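Here are the chains, one letter per residue:
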Amino acid sequence: MPVDEDLGERFWNGTKDRRDKDDGSLDWDSRPETYKEYPGMERLQLPPPGPMAMPLGEAMARRQSVRTYSSEMLTKQEISDLVYCVSGINRRERGRELRNVPSAGALYPIETYICVNRAEAMAPSIYHYHVRSHSLDLVTPGPAGAKLASAALDQRMLEECSVAFIWTAVFGRQTWKYGQRAYRYASLDAGHMGQNLALACAALGLGCCHVAAFYDDEVNALLSVDGVEESAIYLSAVGRMR
Ligand SMILES: Cc1cc2nc3c(=O)[nH]c(=O)nc-3n(C[C@H](O)[C@H](O)[C@H](O)COP(=O)(O)O)c2cc1C
């Protein structure tokens, strides 16, 4: 497929907020759902997230991309802590559930999946984080790390790590309010989640490395998402440093 050399520039210009832009009014009846559900799938309840003792300054100082991992498993508690830091609900205000990460309009377009390669009491498979119940739903049974690594331009760390995070964006949650500019916001939202993961890993003595180089539709296929309404946006490998 030929590369459209000006696409980025046109996207950026075409999604600038301008004083003369007609914002219209919101159709509250068509507001998309905030939560993705996998009814009928096997559900694994996670333990409540635990406290993180490391001072924030130390976690920031320790954060660095780690690309080689030991073959040790991640514990269920560590997985609980990590998914909670990137997507968990930390408060309720006026009937709304708000999270550990900011999100434009509190619309939370980013879904968190984890590809488990090696974790305590969890079969290697892809799971979806069910935010409200702090649990994981089995989405794609069977080991998927090798396919994920292959889809990420053969970055083997995604197979060698204990758990790989896969974030998708459900764009409609924010285009409903922000139109095409929402595509910028989804990337920004994902970045916040990535940084929370990186700092949480540092605080737990784990390593992680974010990955944005991947064949989008190969990753989408692993999750059975269509790449239009919902599409992979960011990945991260997590494990114990070797
Ligand atoms: C948006 C983004 C995409 C990245 N994609 C990759 C990637 O595909 N593969 C990789 O090995 N590192 C990737 N990285 C990690 C960077 O290479 C790394 O953050 C940078 O070299 C600075 O090193 P440090 O994180 O250890 O401070 C990515 C980082 C970001 C923020």
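The rules behind these values
- Residues numbered from 1 in each chain as written.
- Predicted model: local features only at pLDDT ≥ 70, side-chain atom pairs only at ≥ 80, totals over all residues.
- Heavy atoms only, no water.
- Near = heavy atom within 4 Å.
- Polar contact = N/O pair within 3.5 Å; in protein donor to acceptor, adjacent residues only side chain to side chain.
- Helix = DSSP H or I, 4+ residues; strand = E, 2+ residues; numbered from the N terminus.
- Nonpolar A, V, L, I, M, F, W, Y, C, P; charged D, E, K, R; others polar.
- Axes fitted to C-alpha atoms, helices over the stretch in contact; angles between N-to-C directions.
- Left-handed = near helix turned anticlockwise from the far one by under 90°.
- Contact = heavy atoms within 4.5 Å.
- Core = buried A, V, L, I, M, F, W, Y, C linked by side-chain atoms within 4.5 Å.
- Buried < 20%, exposed > 50% of the residue type's maximum accessible area, 1.4 Å probe, protein only.
- Arc of directions from axis to C-beta.
- Salt bridge = Lys/Arg side-chain N within 4 Å of Asp/Glu carboxyl O.

Undergrad: Please give an account of the site of the ligand that cites residues and values.
TA: Neighbouring residues of the ligand: Arg-63, Gln-64, Ser-65, Arg-67, Gln-155, Met-157, Cys-209, His-210, Val-211, Ala-212, Ala-213 and Tyr-234. In this structure, Ala-212 approaches the ligand through a main-chain N or O atom, which is 3.1 Å from a nitrogen atom. With 3 residues, the top contributor of residues to the shell around the ligand is strand S8 (residues 207–211). Partitioning the shell around the ligand into residue classes produces 6 nonpolar, 4 polar and 2 charged.

Undergrad: Hey, could you go over the packing of helix H3 (residues 76–87) against helix H7 (residues 182–204) for me, with residue numbers and the actual values?
TA: Where H3 contacts H7, the axes come no closer than 8 Å and their chain directions differ by 145°. As H3 packs across H7, the resulting crossing turns out to be right-handed. Note on element contacts: H7 touches H3 through Met-193, Asn-196, Leu-197, Ala-200, Cys-201 and Leu-204, opposite Glu-78, Asp-81, Leu-82, Cys-85, Val-86 and Ser-87. Considered class by class, the residues forming the contact of H3 with H7 number 8 nonpolar, 2 polar and 2 charged.

Undergrad: So what's going on with the nonpolar core? Which residues, and what values?
TA: Membership of the largest hydrophobic core comes to 37 residues, with the highest contact counts inside it found for Ile-79, Leu-82, Ile-114, Phe-165, Trp-167 and Val-238. Mapped onto this core, the elements with two or more residues apiece are H3, strand S4 (110–116), strand S5 (125–130), strand S6 (135–141), strand S7 (163–170), H7 and strand S9 (230–239). Broken down by element, the residue count for this core peaks at 7 residues, all from H7. Not counting residues up to four positions away in its chain, the partners in contact with Ile-79 are Leu-46, Leu-74, Ile-114, Ala-119, Met-122, Leu-136 and Val-163. Core analysis: the next-biggest nonpolar cluster, separate from the first, contains 27 residues, Ala-149, Ala-164, Val-211 and Val-219 among them.

Undergrad: A description of the environment of Ser-162 should follow, citing residues and the corresponding values.
TA: Of note, Ser-162 is situated in the loop between helix H5 (157–160) and S7. With relative accessibility at 0%, the residue Ser-162 sits in the buried group. The sequence separation of Ser-162 and Val-116 amounts to 46 residues, and the corresponding C-alpha distance is 6.4 Å.

Undergrad: How would you summarise helix H8 (residues 216–223) if you had to cite specific residues and measurements?
TA: Of all the residues in H8, the buried ones are Val-219, Asn-220, Leu-222 and Leu-223. Relative to the axis of H8, the buried residues are bounded by an arc of 155° and lie together on one face. Projecting away from the buried face of H8 at angles above 90 degrees are the exposed residues Asp-217 and Ala-221. Those residues of H8 that are buried lie in contact with S4, S5, S6, helix H4 (145–151), S7 and S9. Two residues or fewer past H8, Ser-224 is found with a positive phi of approximately 55°.

Undergrad: Before we move on, can you summarise the pattern of salt bridges with the specific residues and values?
TA: Counted by the stated rule, this structure contains 13 salt bridges. Between Arg-92 and Glu-97 there is a salt bridge, and its shortest N-O distance comes to 3.5 Å. With relative accessibility at 57%, the residue Arg-92 sits in the exposed group. With relative accessibility at 18%, the residue Glu-97 sits in the buried group. Here the residues in one salt-bridge network are Glu-72, Glu-78 and Arg-240, joined through shared partners.

Undergrad: Would you mind going over unusual backbone geometry in detail, with residue names and values included?
TA: Phi at Tyr-108 is positive, roughly 45°, even though this residue is not glycine. With respect to the helices, strands and loops of the structure, Tyr-108 is situated in the loop between strand S3 (96–99) and S4. We classify Tyr-108 as buried; its relative accessible area is 7%. With phi around 55°, Ser-224 is a residue other than glycine that occupies positive phi space. Tracing the backbone through its elements, the reader meets Ser-224 in the loop between H8 and S9.

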